[in-house]
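Fold and contact review
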Amino acid sequence: MSPSRTIPFFNYPALFEPREEEFMSVIRDVCRRGAYILQRDLEAFEDNLRRFLNVRYAFGVADGTNALVLGLRAMGIGPGDEVIVPSHTYIASAASVHLVGATPVLCDIGPDNLIDPASAEAMITDRTRAIMPVHVNGRTCDMAALGVVADRHGLPLVEDAAQALGSEFRGRRAGTFGTFGTFSFYPAKVLGCFGDGGAVVTDDDEIGARLALLRDHGRNDAGKVVAWGTNCRLDNLQAAILDLKFRTYDQDIARRREIARRYHAALADLPQLDLPPGPDAGGDHFDIYQNYELAADRRDELRAYLKDRGVGTIIQWGGSPVHSFAELGFDQTLPATERFFERCLMLPMNMSLGDDDVAYICDQVRAFYARSA
Ligand SMILES: *Cc1c(COP(=O)(O)O)cnc(C)c1O
């Protein structure tokens, strides 16, 4: 059957088309200046990021994965150390721990489908050096409960906020609770560039100083090599594009929250679905909806039904939580994560969705359950 509409899960060309002229003038300006590496556009973007998050240091780096690697290295985490990471995350979170020579120790999720503070605490050993909450889908983890666990054991938190720029818990922004926080500007992220990009932020003077060296070959402001570093800089061109998009970031978040509001209004009464909290749920959270991830009965059938009707959906992380990767040496059972992965599904959530698209998607979901009730 040929669907009456086609709504891809994500529309990459649509990142560019609506503002093509603005983007082209930024690109022309940067290229005419020959301003490619560590130039003023990167500085301006880092300044704006710092102000937005209210942190002392922000560094644009190559991508969100390397942001984590640099943060861990700046803390001196390495061989013999363990870092606790939720299994419901992108492989990059755990890989960053492995890449610095330490061991990622995976824990379960709680009822909010984010890192479970009790499960994290149960994984602490005398080798644990940090706990890494991951603010999946643009919702901040319960940083109060995690803070209690961290304090009780004298451990730092380090935040993978790749999906959560602008998300808040009790009025404080994700990425600013821990010793460091990281962000990704992968194209499909809420603030995405035209390639790879990331940032690492901190309030800690020593960590900040180390990050500055680490991302640029260990060179200090005078250009002298004073430490082992690497090449991990955000391209100035990408920074210029990000800085342009950042100017209207609040509107982008508002639009995503409006889409979430519409999903919530149209689907909340279906007993077969568990929706994420709506944007008006109040409480401690302000969510930015990087993704709209729900849990659905007969998930795979629903997914096929939507696909036949032109609606693209995705199961997060290709359907595999980190602890399922046996080839990486994981051999563990995490019941809440496993239960969630039998039912989780992400509906389209992006800036190219119209209200009529959202209504169409909701109609199809309702029709699926009505038909087969
Ligand atoms: C996107 C993402 C990353 C990695 O970011 P890259 O910029 O693609 O390296 C890390 N963690 C999470 C939770 C992510 O969603």
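Keep in mind that this is a model prediction, so the values were computed, not measured. (Residues numbered from 1 in each chain as written. Predicted model: local features only at pLDDT ≥ 70, side-chain atom pairs only at ≥ 80, totals over all residues. Heavy atoms only, no water.)

1. Brief notes about the domain arrangement of the protein
According to the domain assignment, the protein consists of domain 1 (15-107 + 114-246) and domain 2 (249-371). Here the C-alpha centre of domain 2 lies 25 Å away from the C-alpha centre of domain 1. At the junction of the two partners, domain 1 supplies 31 residues and domain 2 supplies 28 residues. Considering only the surface of domain 1 that becomes buried against domain 2, Asn137, Arg139 and Val190 emerge as the three largest contributors, covering 26% of it. (Domains from an automatic or database assignment. Contact = heavy atoms within 4.5 Å. Buried area = accessible area lost by both parts, 1.4 Å probe.)

2. A few points about the environment of Gln272
For Gln272, the position within the fold is in the loop between helix H9 (249-267) and strand E10 (273-274). As a C-alpha pair, Gln272 and Ala295 span 23 residues in sequence and 8.4 Å in three-dimensional space. Setting aside chain neighbours within four positions, we find Gln272 in contact with Ala295, Ala296, Asp297, Arg343 and Tyr369. (Helix = DSSP H or I, 4+ residues; strand = E, 2+ residues; numbered from the N terminus.)

3. A few points about the pattern of salt bridges
For the structure shown, the criterion picks out 26 salt bridges. When the shortest N-O distance is used, the salt bridge between Arg255 and Asp355 registers 2.8 Å. Highlighted residues: Arg255 in helix H9 and Asp355 in helix H12 (residues 355-371), separated in sequence by 100 residues. As a salt-bridge pair, Asp274 and Arg343 come within 2.7 Å of each other at their nearest N and O atoms. With Asp274 in strand E10 and Arg343 in helix H11 (residues 335-343), this pair connects stretches of sequence that are 69 residues apart. On the basis of relative accessibility, which here comes to 23%, the residue Arg343 falls in the partly exposed class. (Salt bridge = Lys/Arg side-chain N within 4 Å of Asp/Glu carboxyl O. Buried < 20%, exposed > 50% of the residue type's maximum accessible area, 1.4 Å probe, protein only.)

4. Quick word on the site of the ligand
For the ligand, the set of nearby residues contains 15 residues, the closest of which are Gly64, Thr65, Asp160, Ser184 and Lys189. In the environment of the ligand, an oxygen atom lies 2.7 Å from a nitrogen or oxygen atom belonging to the backbone of Gly64. Taking 380 Å² as the accessible area of the ligand by itself, protein coverage stands at 93%. Within the residue set of the shell around the ligand, elements represented by two or more residues are helix H3 (64-74) and helix H4 (91-99). The residue makeup of the shell around the ligand, split by class, is 5 nonpolar, 7 polar and 3 charged. (Near = heavy atom within 4 Å. Polar contact = N/O pair within 3.5 Å; in protein donor to acceptor, adjacent residues only side chain to side chain. Areas by Shrake-Rupley, 256 points an atom, 1.4 Å probe, with all protein chains shown as cover. Nonpolar A, V, L, I, M, F, W, Y, C, P; charged D, E, K, R; others polar.)

5. Structural notes on helix H2 (residues 40-53)
Over its 14 residues, H2 runs 20 Å from end to end, which matches the ideal 20 Å to within 8%, given 1.5 Å per residue. Turning to H2, its buried residues are Asp41, Leu42, Phe45, Glu46, Leu49, Phe52 and Leu53. Buried residues of H2, viewed axially, fall in a sector of 135°; they line one side. Away from its buried face, by an angle of more than 90 degrees, H2 presents the exposed residues Arg40, Glu43 and Arg51. Of the residues trailing H2, Asn54 is marked for its positive phi of about 60°. (Expected span 1.5 Å × (residues − 1). Arc of directions from axis to C-beta.)

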